[in-house]
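One-letter residues, chain by chain:
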Amino acid sequence: MARPDSATTSAATGTTPGGAPARPRATLALTSAATAVTLMAYTAPMVTLPDTASDLGTPLSAQAWLLNGTPLGLAALLLVAGSLADDHGRRRIFLAGTLGLGLTTALGAFTTSTWQFTLARVAQGAAGAALLASALGLIVHAFPTPRGRLHATGVWGAFVSGGIAVGPLLAGALPNWRLGYGLLGAAALVVAALGSRTLTESRAPRGGRPDVLGALTFGVALAALVAALTLGRDGWLRAPVGLLLALAVLLVAAFVAVERRAATPMIDLGLLRRRRFLASSAGGLFTGLAVIGVFSYLPALIQQTLGLAPLTTAWLFLLWAGLSFAVALQVRHLAGRLAPRTQLALGFALHTVAVLTMLGAVGAGSWPRLLPGLVIGGIGSGLLNGALPLLAVESVPRERAAMGSGAQQTFRYIGSCAGVALTIALATSAGDLARGTDIALMVSAGLAVAGAASVLALRETA
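What counts, and at which threshold
- Residues numbered from 1 in each chain as written.
- Predicted model: local features only at pLDDT ≥ 70, side-chain atom pairs only at ≥ 80, totals over all residues.
- Heavy atoms only, no water.
- Helix = DSSP H or I, 4+ residues; strand = E, 2+ residues; numbered from the N terminus.
- Rg over C-alpha atoms; globule rule 2.2 N^0.38 Å.
- Buried < 20%, exposed > 50% of the residue type's maximum accessible area, 1.4 Å probe, protein only.
- Contact = heavy atoms within 4.5 Å.
- Areas by Shrake-Rupley, 256 points an atom, 1.4 Å probe, with all protein chains shown as cover.
- Lys, Arg positive; Asp, Glu negative; His and termini not counted.
- Charge placed at Lys NZ, Arg CZ, Asp CG, Glu CD.
- Phe/Tyr/Trp six-rings, centres within 6.5 Å; stacked < 30°, edge-to-face > 60°.
- Salt bridge = Lys/Arg side-chain N within 4 Å of Asp/Glu carboxyl O.
- Axes fitted to C-alpha atoms, helices over the stretch in contact; angles between N-to-C directions.
- Parallel < 35°, antiparallel > 145°, perpendicular 65-115°, else oblique.
- Nonpolar A, V, L, I, M, F, W, Y, C, P; charged D, E, K, R; others polar.
- 1 Å grid on protein atoms, 1.4 Å probe; cavity = no way out; pocket = protein on both sides within 12 Å on 5 of 7 lines; lining within 4 Å.
- Points joined across faces, edges and corners; volume = space filled by probe spheres on them.
- Expected span 1.5 Å × (residues − 1).

A.B. asks: What is the right way to read the overall build of the protein from this model?
C.D. replies: The helix and strand tally for the protein stands at 16 helices and zero strands. Scaling as 2.2 N^0.38, a compact globule of 462 residues should have a C-alpha radius of gyration of about 23 Å, and the protein matches this with 21 Å. Projected onto its principal axes, the C-alpha coordinates of the protein cover approximately 65 × 50 × 45 Å. Looking at the protein as a whole, 58% of its 462 residues are labelled buried. Looking at the protein alone, contacts between residues at least 24 apart form 85% of all its contacts between residues at least 6 apart. On the protein, roughly 16800 Å² of surface is accessible, and the fraction owed to carbon and sulfur atoms is 68%. Both charge centroids of the protein, one from 31 positive and one from 15 negative side chains, sit 7 Å from each other.

Next up, the structure:
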């Protein structure tokens, strides 16, 4: 068994210099299981938000933080986690992230205030970033052939959808929202223990120190952006909102300057000249903005407006997430017939149709009117989750697979943070939740159209 500090692994052969096999099936099983636990922890508050907010005394204007803690940690750390995994060992970063996920998720069960819960969720997201960014790097190392990568990334993408499906169902079935966090924390620790005995180390070191300054500027820029979007609910023209947006812009500019000078940057800015990388990033960003943003808050909205219980809401949204899982598991069969960018555009188009069919359902007090949209949206989400991992690893050189994964998922969770904050702001600022929900759904449809247009426009030229 290779140790975390073992010699550099051969990226071409999928074995260590000593000949230890990468154990592809075990690698895929463990990385997929850990990914599912991460997404279960991420989506658990979707149906427990009213109870959690009541228990913690969270006002309506601050509920975005209860949902946005984990995606904030994910978005802030995914880039640096991806570069660290490639440089210093994907197995090492994966195990550290899985262990951290277990501890921070369990910690969330003991919080007693909004800020404590939010900080625990941010830490949970940071741990999840290490896990998710290194997982695809481990998979690419274990499956060196294009056919193998197609199969493995399809399965991994399906488990993203699977975690999204099971998380709310588990949380809604338990008598107390705190118990769910304890169970998910224990599951992550079990996966960490199994991974320490099974996974093989791989890396592609560039030398140099970790890009700490880049991580700090990027993380604070993202926090400022999310804070501005959250505060914007009470007035977009207020001075604090404008100052936070200006700070975010300045820090992004500083981040670009830092990355240009860093010896081992979080992200190679030369990748921005690759159309495939830009398409991967745009696909992740608009998936977060349009899809994750609206479906993260919609369960809480229909509980408040339609009076559904958490478990009933979870079963309702299992229709969307379960279909997403099934479709993502099958999309590998589309290889050669449908390019990943075309698949993304089709996924965005289906999401547009889905949310438009939901218009008026909340105002009519009718949950059956949501069903066609949940079905269509589930198929679209499955196409997105199946295409994004493959496009992420194909958009960068093979030795930078974790960086490519980290970059695409960073944009995904930046979009998620902004999308959740925007959805809550739109839904709650109209004075009427039914009217506000329709506005949020129409905005989501517009963002999905923009996502489809962006990935189609970024076709590679001959």
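After that view, the rundown keeps rolling.
A.B. asks: Explain the side chain of Thr43 here, please?
C.D. replies: Tracing the chain through its elements places Thr43 in helix α1 (residues 24-43). Not counting residues within four places of it along the chain, the set of residues in contact with Thr43 comprises Gly163, Ile164, Gly167 and Pro168.

A.B. asks: Got a minute to help me understand the environment of Leu298 in this structure?
C.D. replies: Note that Leu298 resides in helix α10 (residues 275-306). Accessibility expressed as a relative area gives 3% for Leu298, which makes it buried. Linking Leu298 and Leu150, residues 148 residues apart in sequence, is a C-alpha distance of 32 Å.

A.B. asks: In this structure, what is going on with the packing of aromatic side chains? I would like to understand it.
C.D. replies: How two aromatic rings sit relative to each other is given by the distance of their centres and the angle of their planes. With the rule as written, the count across this model stands at eight aromatic pairs. Ring centres 5.6 Å apart and planes at 85 degrees place the aromatic pair Phe117 and Trp177 in the edge-to-face group. A residue pair is termed long-range when its members are at least 10 positions apart, and Phe117 in helix α5 (residues 114-142) and Trp177 in helix α7 (residues 177-198) qualify at 60 residues. Phe117 gets classed as buried once you look at its relative accessible area, which sits at 1%. An aromatic cluster is present here, built from Phe117, Trp177 and Tyr181 joined pairwise through their rings.

A.B. asks: Sorry, what's going on with the pattern of salt bridges here?
C.D. replies: Opposite charge on two side chains allows them to pair when their charged atoms are near. A full pass over the atoms with the stated rule returns two salt bridges. When the shortest N-O distance is used, the salt bridge between Asp55 and Arg178 registers 3.3 Å. Here Asp55, found in helix α2 (residues 45-56), pairs with Arg178, found in helix α7; they are 123 residues apart in sequence, far enough to count as distant. Among the residues examined, Asp55 registers a relative accessible area of 40% and is labelled partly exposed.

A.B. asks: Looking at this structure, I do not really get the packing of helix α6 (residues 146-173) against helix α11 (residues 310-330). What am I missing?
C.D. replies: Angle between the axes and distance between the axes are the two parameters that describe a pair of packed helices. Two numbers describe how α6 lies on α11: the axes approach to 8 Å, and their chain directions differ by 170 degrees. Between α6 and α11, the angle falls in the class roughly antiparallel. In the contact of α6 with α11, the residues fall into 18 nonpolar, seven polar and no charged.

A.B. asks: Is there a simple way to explain empty space enclosed by the protein in this structure?
C.D. replies: Unfilled space is identified by rolling a water-sized probe across the atoms. All told, the structure shown has nine cavities of 30 Å³ or more when counted by the stated rule. For the largest cavity, the calculated volume is near 100 Å³. Taken together, 13 residues make up the lining of the largest cavity; nearest its centre are Trp156, Val160, Pro389, Gln409 and Arg412. Taken together, the elements giving at least two residues each to the lining of the largest cavity come down to α5, α6, α14 (371-394) and α15 (401-429). For the lining of the largest cavity, the element with the highest residue contribution is α15, accounting for four residues. Across the lining of the largest cavity, the residue classes tally to eight nonpolar, four polar and one charged.

A.B. asks: Would you take a moment to explain the layout of surface pockets for this structure?
C.D. replies: Counted as a void, the largest pocket has a volume near 400 Å³. Lining the largest pocket are 17 residues, and of these Phe218, Val252, Phe255, Phe411 and Ile414 lie nearest its centre. Mapped by element, the contributors of at least two residues to the lining of the largest pocket are α8 (212-231), α9 (239-261) and α15. Looking at side-chain class alone, the lining of the largest pocket contains 16 nonpolar, one polar and no charged residues.

A.B. asks: I would appreciate a short explanation of the environment of Ala279 in the present structure.
C.D. replies: Secondary-structure assignment places Ala279 in helix α10. Taking the C-alpha atoms as reference, Ala279 lies 29 Å from Phe317; in sequence the two are 38 residues apart. Setting aside residues up to four positions removed in sequence, Ala279 forms contacts with Arg341, Leu344, Leu391, Val455 and Leu458.

A.B. asks: What am I meant to see in helix α12 (residues 340-357) here?
C.D. replies: Since the α-helix turns once every 3.6 residues, residues separated by three or four places project in the same direction. Over its 18 residues, α12 runs 26 Å from end to end, which matches the ideal 26 Å to within 8%, given 1.5 Å per residue. Restricting attention to buried positions, one finds in α12 the residues Arg341, Gln343, Leu344, Ala345, Gly347, Phe348, His351, Thr352, Ala354 and Val355. Against α10, α14 and α16 (433-457) lie the buried residues of α12.

A.B. asks: Teacher, can you tell me more about α9 here?
C.D. replies: Over its 23 residues, α9 runs 33 Å from end to end, which matches the ideal 33 Å to within 8%, given 1.5 Å per residue. For α9, every residue scored as buried is listed here: Val241, Leu244, Ala248, Leu251, Phe255, Val258 and Glu259.

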